[in-house]
Amino acid sequence: MVTYVVVGVVSVVVVVLVVWLSLVTLSKGYGYKHSVDPKPEDTENNQIKQDE
């Protein structure tokens, strides 16, 4: 009977740990700031306007 309790407690701890690590990973992923390079056409148009 004690074995079942120990296995149950260890299982619950493992499940809680996995859920917590998943939430931390998702939070860091959504917190990442993505940057986008400008289109090549946009930089060419800006250079032409600056030359004029």
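For every chain, the first residue of its written sequence is number 1, and the numbers climb from 1 along that sequence. This being a predicted model, a pLDDT of at least 70 is required before a residue's local features are given, and a value of 80 or more before pairs of side-chain atoms are given or counted; all residues contribute to the totals for chains, interfaces and linings. To get the side-chain values, all heavy atoms of the structure are used, and hydrogens and water are removed first.

Peer 1: It is not clear to me how the overall build of the protein should be interpreted in this structure. Could you clarify?
Peer 2: The helix and strand inventory of the protein stands at 2 helices and 0 strands. Each of the 52 residues in the protein was classed as buried or not, and the buried ones make up 0%. In the form shown here, the protein has an accessible surface area of approximately 5400 Å², with 66% of it arising from carbon and sulfur atoms. Each helix corresponds to a stretch of at least 4 residues labelled H or I by DSSP, and each strand to a stretch of at least 2 residues labelled E; elements are numbered beginning at the N terminus. Only protein chains enter the accessibility calculation, which uses a 1.4 Å probe; a residue whose area is less than 20% of its type maximum is buried, one above 50% is exposed, and one in between is partly exposed. Note that accessible areas follow from Shrake-Rupley with a 1.4 Å probe, and for residues the cover is restricted to the protein chains shown.

Peer 1: What am I meant to see in a nonpolar patch on the surface here?
Peer 2: Residues with no salt bridge and a relative accessible area higher than 30% make up the patches, which join like charges within 9 Å and nonpolar side chains (Val, Leu, Ile, Met, Phe, Trp, Tyr) within 5 Å. Note on definitions: salt bridges are taken to be side-chain nitrogens of Lys or Arg within 4 Å of carboxyl oxygens of Asp or Glu. A cluster of nonpolar side chains, Val2, Val6, Val10, Val14 and Val18, forms an exposed patch at the surface whose accessible area comes to about 440 Å². In this fold, Val2 is placed in helix 1 (residues 2-31). Val2 gets classed as exposed once you look at its relative accessible area, which sits at 63%.

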